[in-house]
Amino acid sequence: MKEYLLKDDIKVFCVTAKSFPDGVQQAFITLEKMLSKEGRTFYGISHGTPSGEIIYKAAVTEKYEGEGKEYDFESYIIPMGKYITETIRDFMNNMNRFGEIFKEMLAHPQLDKSSACVEWYKTDSEVMCMVKLIS
């Protein structure tokens, strides 16, 4: 794992998956149908509930202030700060790695327990898994 400093908040809008993990792909498809992928960055945002469920949101950067509201999507801010990260290459063929990596990250002693797990889709084949640390 590596540390990464996210220098600025990232404003995104998102679609909550109807279920996890089965509804994740459909949540991304919903976003992609509404807008052009060009010049955008996609994220996955997830957190657990007290009952053990995982809430997953497919997210994309806004091109302009208020864009998400125009489409009636939920807004979310990925907070700046220090994160631990792990990159998965060829992630479509390594889906099992997500659970392994996040499980390990969530055991970090400096974990910011109020923050979500973040997947930063850097390319069509590479994703950076991120968990925020206490500043």
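Position numbers for residues start from 1 in each chain and track the written sequence from start to end. For this predicted model, a pLDDT threshold of at least 70 governs which residues receive local features, and a threshold of 80 or more governs which side-chain atom pairs are given and counted, while totals over whole chains, interfaces and linings are taken from all residues. Water and hydrogen atoms were dropped before computing side-chain values, which therefore reflect all heavy atoms in the structure.

Novice: Please clarify how the layout of surface pockets should be interpreted in this entry.
Specialist: With a probe scaled to a water molecule rolled over the atoms, the places where space remains empty come into view. By volume, the largest pocket amounts to about 1,000 Å³. Using protein atoms alone on a 1 Å grid, points that fit a 1.4 Å probe yet trap it form a cavity, whereas open point sets bounded by protein on both sides within 12 Å along at least five of seven lines form a pocket; residues with an atom within 4 Å of a point count as lining. Residue lining of the largest pocket: 35 residues in total, with Val24, Phe28, Tyr56, Glu119 and Tyr121 positioned closest to the centre. Comment: elements are numbered from the N terminus, with helices defined as DSSP H or I runs of at least four residues and strands as E runs of at least two. At the level of elements, helix 1 (24-34), strand 3 (42-48), strand 4 (54-61), helix 3 (96-105) and strand 7 (117-121) are the ones that each hand at least two residues to the lining of the largest pocket. Residue contributions to the lining of the largest pocket peak at five residues, all from helix 1. Estimated volume of the second largest pocket: approximately 150 Å³. Forming the boundary of the second largest pocket are Met1, Lys2, Glu3, Tyr4, Thr85, Glu86, Thr87, Arg89 and Met128. Looking at the lining of the second largest pocket, the element that brings in the most residues is strand 6 (residues 81-89), giving four residues. Looking at the lining of the second largest pocket residue by residue, the classes come out as three nonpolar, two polar and four charged. Grid points are joined across faces, edges and corners, and a volume is the space filled by probe spheres set on the points. Residue polarity is assigned by list, with Asp, Glu, Lys and Arg as charged and Ala, Val, Leu, Ile, Met, Phe, Trp, Tyr, Cys and Pro as nonpolar; anything else, Gly included, falls into the polar class.

Novice: What should I look at first to understand the packing of aromatic side chains in this one?
Specialist: The description of an aromatic ring pair rests on the distance of the ring centres and on the angle between the ring planes. Working definition: rings of Phe, Tyr and Trp (its six-membered ring) pair if their centres are within 6.5 Å, and the pair is stacked with planes under 30 degrees apart, edge-to-face with planes over 60 apart, and tilted otherwise. In this structure the tally under the stated criterion is 11 aromatic pairs. When the centroid spacing of 5.8 Å and the interplanar angle of 70 degrees are considered together, the rings of tyrosine 4 and tryptophan 120 count as edge-to-face. Of the two residues, tyrosine 4 is situated in strand 1 (residues 2-6) and tryptophan 120 in strand 7; the sequence distance between them amounts to 116 residues. Categorising residues by exposure relies on relative accessible area from a 1.4 Å probe, with only protein chains included: less than 20% of the type maximum marks a residue as buried, more than 50% marks it as exposed, and the intermediate range marks it as partly exposed. The class for tyrosine 4 is partly exposed, based on a relative accessible area of 28%. The buried category is assigned to tryptophan 120, whose relative accessible area is 14%. Ring centres of phenylalanine 91 and tyrosine 121 lie 5.2 Å apart, and the angle between their planes is 65 degrees; this geometry places the pair in the edge-to-face category. Of this pair, phenylalanine 91 sits in the loop between strand 6 and helix 3 while tyrosine 121 sits in strand 7, and the two are 30 residues apart along the sequence. As far as burial versus exposure is concerned, phenylalanine 91 and tyrosine 121 are alike and both buried. Linked through ring pairs, Phe20, Phe28, Phe42, Tyr56, Phe91, Phe98 and Tyr121 together constitute an aromatic cluster. Charge-over-ring placement is defined geometrically: NZ (Lys) or CZ (Arg) within 6 Å of the ring centre, and within 35 degrees of the ring normal. Lysine 122 extends its terminal NZ or CZ atom over the ring of tryptophan 120, reaching a point 3.8 Å from the ring centre.

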